[in-house]
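# Descriptive structure summary
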Amino acid sequence: MARILFVMTGADHWTLDDGTQHPTGFWAEEFVAPYQIFVDTGHEVEVATPGGVVPTVDRASLAADANGGQDNADALERAVEQNTVLHAPSRLEEVDPSAYSAVFYPGGHGPMEDLADNADSARVLTYAVDSGTPLGVLCHAPAALLAPRRDDGSHVFSGYRLTSFTNEEEKQVGLADKAAWLLQDRLEGIGADFTAGAPWQPHVVHDRTLFTGQNPASSTALAAEVSRALT
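From a predicted model like this one, the values you see are computed outputs, not experimental measurements.

## So, the pattern of salt bridges
Overall, the coordinates contain nine salt bridges when judged by the stated rule. Between glutamate 225 and arginine 228 there is a salt bridge whose closest N-O contact spans 3.4 Å. Separated by three residues within a single helix, glutamate 225 and arginine 228 lie in helix 7 (residues 219-230), roughly one turn from each other. Of the residues examined, glutamate 225 reaches a relative accessible area of 27% and is grouped as partly exposed.

## Describing the UniProt feature "domain: DJ-1/PfpI" (unreviewed entry) in the chain
Mapped onto the present numbering, the UniProt feature "domain: DJ-1/PfpI" (unreviewed entry) falls on residues 28-227. Secondary structure across residues 28-227 divides into 32% helix and 14% strand, with the first and last C-alpha atoms of the span separated by 20 Å.

## Let's talk about the side chain of threonine 24
Relative to the assigned elements, threonine 24 resides in the loop between strand 3 (21-23) and helix 1 (28-40). We classify threonine 24 as buried; its relative accessible area is 3%. Of note is the side chain of threonine 24, whose polar atom sits 3.0 Å from the side chain of aspartate 58. When residues no more than four places from it in sequence are discounted, the contact partners of threonine 24 are Ala11, Asp12, His13, Trp14, Thr56, Val57, Asp58, Gly108, His109 and Gly110.

## Structural notes on the packing of helix 1 against helix 7
The description of two helices packed together rests on the angle between their axes and the distance between the axes. Relative to each other, helix 1 and helix 7 sit at 35°, their axes nearing to 9 Å. Between helix 1 and helix 7 lies a crossing of right-handed hand. Here helix 1 contributes Glu29, Glu30, Ala33, Pro34, Ile37 and Phe38 to the contact with helix 7, which in turn contributes Ser219, Thr220, Ala223, Ala224, Val226 and Ser227. Of the residues contributing to the contact of helix 1 with helix 7, the split by class is seven nonpolar, three polar and two charged.

## Side note on the pairing of strand 10 (residues 204-207)
Judged by which residues are buried, strand 10 turns out to be one-sided: Val205 and Asp207 face inward and are buried, whereas Val204 and His206, on the alternate face, are not. As judged from the four bridges shared by strand 10 and strand 11 (residues 210-213), these two strands associate in the antiparallel manner. Paired with valine 205 across the bridge in strand 11 is threonine 212. Once strand 10 ends, the chain turns through two residues before running back antiparallel as strand 11, passing arginine 208 with a positive phi of about 60°.

## Some thoughts on the sheet that holds strand 4 (residues 44-49)
Pairing is mixed in the open sheet, where seven strands are placed in the order 5-4-1-6-7-11-10. Every interior strand has two partners, whereas the edge strands, strand 5 (90-91) and strand 10, have only one. Of the strand pairs in this sheet, strand 1 (residues 3-7) and strand 6 (residues 102-105) are connected by three bridges, and their pairing is parallel. Within the sheet, the bridge partner assigned to isoleucine 4 lies in strand 6 and is alanine 102. Of the strands in this sheet, strand 1, strand 6 and strand 7 (135-138) touch helix 4 (residues 119-131), which is tilted by about 135° from strand 6. Along the sheet, helix 7 contacts strand 1, strand 6, strand 7, strand 10 and strand 11; its crossing angle with strand 11, the most-contacted strand, is approximately 165°.

Definitions and limits used
- Residues numbered from 1 in each chain as written.
- Predicted model: local features only at pLDDT ≥ 70, side-chain atom pairs only at ≥ 80, totals over all residues.
- Heavy atoms only, no water.
- Salt bridge = Lys/Arg side-chain N within 4 Å of Asp/Glu carboxyl O.
- Helix = DSSP H or I, 4+ residues; strand = E, 2+ residues; numbered from the N terminus.
- Buried < 20%, exposed > 50% of the residue type's maximum accessible area, 1.4 Å probe, protein only.
- UniProt positions renumbered as here; feature names shortened; annotations may be inferred.
- Polar contact = N/O pair within 3.5 Å; in protein donor to acceptor, adjacent residues only side chain to side chain.
- Contact = heavy atoms within 4.5 Å.
- Axes fitted to C-alpha atoms, helices over the stretch in contact; angles between N-to-C directions.
- Left-handed = near helix turned anticlockwise from the far one by under 90°.
- Nonpolar A, V, L, I, M, F, W, Y, C, P; charged D, E, K, R; others polar.
- Pairing = 2+ DSSP bridges.

Okay, structure coming up:
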């Protein structure tokens, strides 16, 4: 059995270009589906957030039209509400990354708000890369990859082949022209080798020990890849 650290956003909003606070948090499927894959394969999952705050679920991720119907949406909401690990997070500031066999970052717009420049997240990510710890990062959570830098100022993830929620997908949800910055642009700006799949279709990219998924539809495939890396 491996211990897997889920680093999650503690934000409940995303500040847009005009200063408006767009309600958000984590995307439910991006926590629930990977969590279930890991525990079903015998692993232990722990959650950490900045300040140890209980993560806020993005209510849009619990809508029927986002989950193939009301029954699926209701089941997802129950899974979020009843998950005891999710509701008892550790403080990210106190996490020892060497205690875990893998690290996983679920998405949602929340990471754009609080993980893109978080020093404690950067510490965990840098350790994962340098130690060869499998690292899964999903949808908007690759915003966290912008923070880690080497002592010479270079970006830790420069040159890595990866993916994230794309500019086209942001445009299709109606937020591209309202955002202060777009994730794909920033990742390309730090020198990442960005690859985009078709909008809303599963797309997972593996480079060295980094595994990234493009969107919510990539949740299961990404977690499965990380799980395989553990064996």
